[in-house]
Every structure is written in C-alpha cells, then in structure tokens.
Amino acid sequence: MLRNPAFTRPSLDRTKGDGKFTLHLIEELLSSSIPIHNTVVLAMLSSLQEPGKYHLEDPTGAIQLEYNAETSFTGGLFTENIFILAEGWYDEKVFHATGLGMPPAETRSESDKLFGNFNFFGGSSQVALRVSPKLKKLEDKYEDSMFVIMADVWLDRPEVLEKLEAVFRGLADSPPFCFILCGDFISETENMNHAELLKTGLKSLQVILQRYPGIMQQSQLVFVPGPMDIGITGILPRPRLPKNLTKDFEATIAKAIFTTNPCRIQFCTREIVVMREDILTKMCRTLIKEPIPDGRESRFKNLTLNVG
C-alpha cells in the first residue's frame, strides 16, 4: 500500500492539493488523548462483539467503527473480514468514518519491479516459471491447446452423462489438453448413499471415456470437488475426493487427477487457479451495506437468462 503514489507523503495536509495521505496504525490512534481529524487507516473490517457493531482491526489493535447514511462507499462488496481503507476522524476510541473504500490494486508489472522473478505461485522452483524461455517456447508450439471447464457435473444424473458423452464425441478428433470437471458431482448431496452414488457415477464416466481412446491418451482430466461433495465441508482448501472412492477410476484412467479446491495449474508459463465455491452467496450474508447500483446488475441478469 505504501508503494502507491497516493500514500507517499508524510502529511495529511490537504491544503497542498496533492490529494495524498498518510496511513495511520490503530495503536497510534488509541494512544491519542485528543481527537484526530482527516485520518486514513488500512484495516480489517470485523465484528468482535454483538452483531451489527463493527471494528477496524490491524496488527496493532482494534477500534470501534461508526458509519451512517452520510458515509460514502466506493464500489465493491463490503463484508466482514475484508481489508478496507477507512477515512474519517477519531475520538474517544471510536473511528467515525466519512468514507470507506477498497484498497487500490497494484499491477503485476509494478510488483515485479520489487520482487523480480520470485515464485509466489508455488511448486519446487524458486524462480517463477512464467519467465522460463524453454516453457515459453513450448507454449508457443502448443498455442492452440484448449482447456474445457465444466461445473456441477452430476454423475448420478443420466442426462448429464449423456451430455458429457456428447462433448467427448464432439472433441474426439481433436482432444483438448485438459478437461477441468468441478463438483458438485452428485445432485442429491444429502442422500445417505452419497458415497455409493459417486462411486457408481465415476464407473459410468469411466465406461464413457473408454469409448474415446484419443481423449484418454491425450487429455488430462482434473476433478475439483464442489462445496457439497463428500468429505470435509465448510473450510477451504477442501481436500480431494476420498481416494477409496476414486482408486478404481484412477487405475483405469491414467490421466485422471483428483485435486483440492481451490487448486493451481501450471501450463507452461501460464498460472491458473481453479476454485469452485458459491462465494458470492457467502459474501452477501455478511454485507454491511448493499452494493452501489451502477446498471451492471440488470445486464448481468440479462446475460444469465440468455445463457440459461
């Protein structure tokens, strides 16, 4: 945040007209015996006590947050446990917000100037693979490689299996590099026979795939569990589907990979993250303010209806 040009001056004096600010730590506010005006803090929005009362929290402390109808909000979803920039004034252990906003993002190119080619994506290499000339050359060679991503692949539904076979049939002559199949893999997630239904569904998928040897030999099949799939629920990352249910499938389909949710995929120099979660629904449960309407909601609904 301090690398952002808006926060480089050691002064909150706005009479200079440069529009720049200094971030204050919460412990600096708590140590003050007099009101502090025109201050900005970067903190996590949290609910530490009773519902409906919020606090700003950073590594140095926490203070109560007060906002009202006159407080301005920038675009975005303001939920519990997100980091925000709060502008306002402080008095008697309460931060009175005049404006709440999202921290400005930093472009990758700007971050690279500081961190260079350090590998933040993960894996055994200390150097980011996205700068590898060998991988870039390989990527250019396979520039037409295709990823097919599907979600809610209900293997217990015959109509879904029929549609899956139609996809495999259509791509049999030019198999994609990778199929990413995301859960939930069972439509009746509360069924007591969930495990048996999943095992049967994988057996049915296995039979379908064996009709298309080109896909079996050339395409990776990545399985990402959904929010209600069998296993540990309610936490992220979710572990892979239980091996005792997938071992027969894996023994037959050599290119099948059952992984976690979320998971990371490195394709040559490309860094891909796959996450299957109803995250928007969960975020809306703890909204402190409805999003600012800007006309995009209606366009999104229209797009959803057209695609559906």
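To be clear, the structure that these remarks concern was listed above.
Note that the structure is predicted; figures quoted are calculated from it, not measured.

## Re the pattern of salt bridges
Then, in step 1: Within this structure, the stated rule accounts for 14 salt bridges.
Then, in step 2: Salt-bridge contacts for Glu250 lead to Arg240; the nearest nitrogen and oxygen are separated by 3.2 Å. Of this pair, Glu250 sits in helix α7 (residues 243-252) while Arg240 sits in the loop between β9 (220-224) and α7, placing them 10 residues apart in sequence.
Then, in step 3: For the salt bridge of Glu277 with Lys282, the shortest nitrogen-to-oxygen distance reads 3.3 Å.

## Here we look at helix α4 (residues 158-171)
Then, in step 1: For α4, built from 14 residues, the straight-helix expectation of 20 Å at 1.5 Å per residue is met to within 8% by its first-to-last C-alpha distance of 20 Å.
Then, in step 2: When α4 is considered as a whole, its buried residues turn out to be Val160, Leu161, Leu164, Glu165, Phe168 and Leu171. Viewed end-on, α4 has its buried residues packed into an arc of 140 degrees, placing them on one side of the element. Within α4, the exposed residues directed more than 90 degrees away from the buried face are Pro158, Glu162, Lys163 and Gly170.
Then, in step 3: On its buried face, α4 sits against β7 (147-150), β8 (178-182), α5 (194-209) and α6 (213-218).

## A word on the pairing of strand β6 (residues 94-101)
Both faces of the sheet carry side chains from a regular strand, because those side chains alternate between them.
Then, in step 1: Across the eight residues of β6, six count as buried, placing the element largely inside the fold.
Then, in step 2: Summarising the sheet, strand β3 (residues 61-66) and β6 pair through three bridges and their orientation is parallel. Of the residues in β6, the one forming a bridge with Glu66 is His96.
Then, in step 3: Summarising the sheet, strand β4 (residues 72-73) and β6 pair through two bridges and their orientation is parallel. Residue pairing for β6: Phe73 is matched across the bridge by Leu100.

## With respect to the side chain of His55
Then, in step 1: Of note, His55 is situated in strand β2 (residues 54-58).
Then, in step 2: Ignoring any residue separated from it by four or fewer positions in sequence, one finds His55 in contact with Met44, Leu45, Ser46, Leu48, Gln49, Ile63, Gln64 and Leu65.

## Focus on unusual backbone geometry
Then, in step 1: Following Gly183, the chain continues into Asp184 via a peptide bond in cis, with omega recorded as 5 degrees.
Then, in step 2: Mapped onto the elements, Asp184 comes out in the loop between β8 and α5.
Then, in step 3: The omega torsion of the bond from Asn261 to Pro262 falls at 0 degrees, within 30 degrees of zero and hence cis.
Then, in step 4: Among the secondary structure elements, Pro262 is positioned in the loop between β10 (256-258) and β11 (263-267).
Then, in step 5: Backbone geometry at Asn81 places phi at a positive 70 degrees, although glycine is not the residue there.
Then, in step 6: Secondary-structure assignment places Asn81 in the loop between β4 and β5 (83-91).

Reading guide: rules and limits
- Residues numbered from 1 in each chain as written.
- Predicted model: local features only at pLDDT ≥ 70, side-chain atom pairs only at ≥ 80, totals over all residues.
- Heavy atoms only, no water.
- Salt bridge = Lys/Arg side-chain N within 4 Å of Asp/Glu carboxyl O.
- Helix = DSSP H or I, 4+ residues; strand = E, 2+ residues; numbered from the N terminus.
- Expected span 1.5 Å × (residues − 1).
- Buried < 20%, exposed > 50% of the residue type's maximum accessible area, 1.4 Å probe, protein only.
- Arc of directions from axis to C-beta.
- Contact = heavy atoms within 4.5 Å.
- Pairing = 2+ DSSP bridges.

Geometric values such as these leave the question of function open.
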